[in-house]
Structure formats: structure tokens, C-alpha cells
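# Structural overview
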Amino acid sequence: MAKFLIHIHTGPDDTTKAALGCLVAATAVKQGHGVNIFLAGDGVHLLSADALANVEGSGTGKLGGHVAAIEDGGGTFYLSGMSAKARGYDESLLEGHPAQFAMPDVLVRLADEADTVLCY
């Protein structure tokens, strides 16, 4: 199967686009593909409890359900450490998720290793 990198830099203010990125990632996981998700910029908000509970896109579903499907299917989240820090997050944002903070070099490596890179 293919290796996907989904790079999401859209935050919860654009509910449809934010949920769409995770819907596509969840779909790829369901089909058996390897999936890494890199959240940067306002995208780091998407792992917050508030976003997981409340973000629902028009026609793109509920963010929380997509994230759960990604996690259950073996997907991994990488969050820009610089973006998270600038938005007031610490390690507690990662708790309960297959996630870690990462620097731009990790994004470049993941993109290089992926068969397909999609950005939202």
C-alpha cells in the first residue's frame, strides 16, 4: 500500500477544510495505506479537546470521528512544535494521541518518504 503525508495548516475556524484533511486521512487509513499527519500553523488546534468535540465541516463530517478513525487505524500525528508553542500549547496537547512535536526537518523527511503528499 502507499504512504501518505497529509499536511494540515488550516485551523478550526475553517471547519470544512480542517475536517476534510482528516476525512481524507481517515479514508486512506481505512483502505490500508500508511498515513502520517503533520499539523502546522493553526492546524495544531485540531488536536485540542474543543476542536475534537465541536468541529464539523459542511459535508466533511465531524473532526473527532475522523481523528479517532485515524488513530484506531494506526495513523500518526506530528505537530509543529514552534506552531504549538506560539499558540500556548504544551505536551498535554499530545496526551492520549499517537502524536509528537516535530520540527520542519521532520516534515521534509516525511514528505520525502511519502508516495503522496496532500495539503489542507
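Scroll up to find the structure this text is about.
Structure report, in brief. (Residues numbered from 1 in each chain as written. Predicted model: local features only at pLDDT ≥ 70, side-chain atom pairs only at ≥ 80, totals over all residues. Heavy atoms only, no water.)

### A short note on the environment of proline 12
Secondary-structure assignment places proline 12 in the loop between strand E1 (3-8) and helix H1 (15-30). Residue proline 12 is classed as partly exposed on the basis of its relative accessible area of 24%. Along the backbone, proline 12 and histidine 45 are 33 residues apart, and their C-alpha atoms lie at a distance of 6.8 Å. The contact partners of proline 12, leaving out residues within four places of it in the chain, are Asp42, His45, Leu46, Ala51 and Val55. (Helix = DSSP H or I, 4+ residues; strand = E, 2+ residues; numbered from the N terminus. Buried < 20%, exposed > 50% of the residue type's maximum accessible area, 1.4 Å probe, protein only. Contact = heavy atoms within 4.5 Å.)

### A word on the pairing of strand E5 (residues 76-80)
Counting buried positions along E5 gives four out of five residues, so the element sits mostly inside the fold. Across four bridges, strand E2 (residues 34-39) lies against E5 in parallel orientation. Across the sheet, residue asparagine 36 finds its bridge partner in E5, namely threonine 76. Bridge analysis of E5 against strand E6 (residues 99-102) gives four bridges, and the strand direction is parallel. (Pairing = 2+ DSSP bridges.)

### Structural notes on the side chain of histidine 66
Mapped onto the elements, histidine 66 comes out in helix H3 (residues 63-72). Those residues within four positions of histidine 66 in sequence are excluded, and the remaining contacts are Ala19, Cys22, Leu23, Ala26, Thr60 and Gly61.

### Re the nonpolar core
With 26 residues, the main nonpolar core has Ile37, Leu39, Phe77 and Leu79 as its most contacted residues. Elements with a contribution of two residues or more to this core: E1, H1, E2, H3 and E5. The element contributing the most residues to this core is H1, with six residues. Look past the residues within four positions of phenylalanine 77 in its chain and what remains in contact with it is Ile37, Leu39, Leu47, Val67, Ile70, Glu71, Pro98, Ala99 and Gln100. Within the second largest apolar cluster, nine residues are counted, among which are Tyr78, Ala102, Leu107 and Leu110. (Core = buried A, V, L, I, M, F, W, Y, C linked by side-chain atoms within 4.5 Å.)

### Quick look at the sheet that holds E1
On the basis of which strands lie adjacent, the open sheet formed by five strands has the order E6-E5-E2-E1-E7 and parallel pairing. In this open sheet, the two strands that pair with only one neighbour each are E6 and strand E7 (116-119). Going across the sheet, the axis of each strand differs from the next one's by a mean of 20°, ignoring polarity. Against the sheet, helix H5 (residues 104-113) engages E1, E2, E5, E6 and E7, with an angle of about 140° to E1. (Axes fitted to C-alpha atoms, helices over the stretch in contact; angles between N-to-C directions.)

### What to know about the pattern of salt bridges
Enumeration according to the criterion identifies two salt bridges in this entry. Residues arginine 109 and glutamate 113 are paired through a salt bridge, measuring 3.3 Å at the closest nitrogen-oxygen approach. Pair noted here: arginine 109 and glutamate 113 are both in helix H5, with a separation of four residues, about one helical turn. (Salt bridge = Lys/Arg side-chain N within 4 Å of Asp/Glu carboxyl O.)

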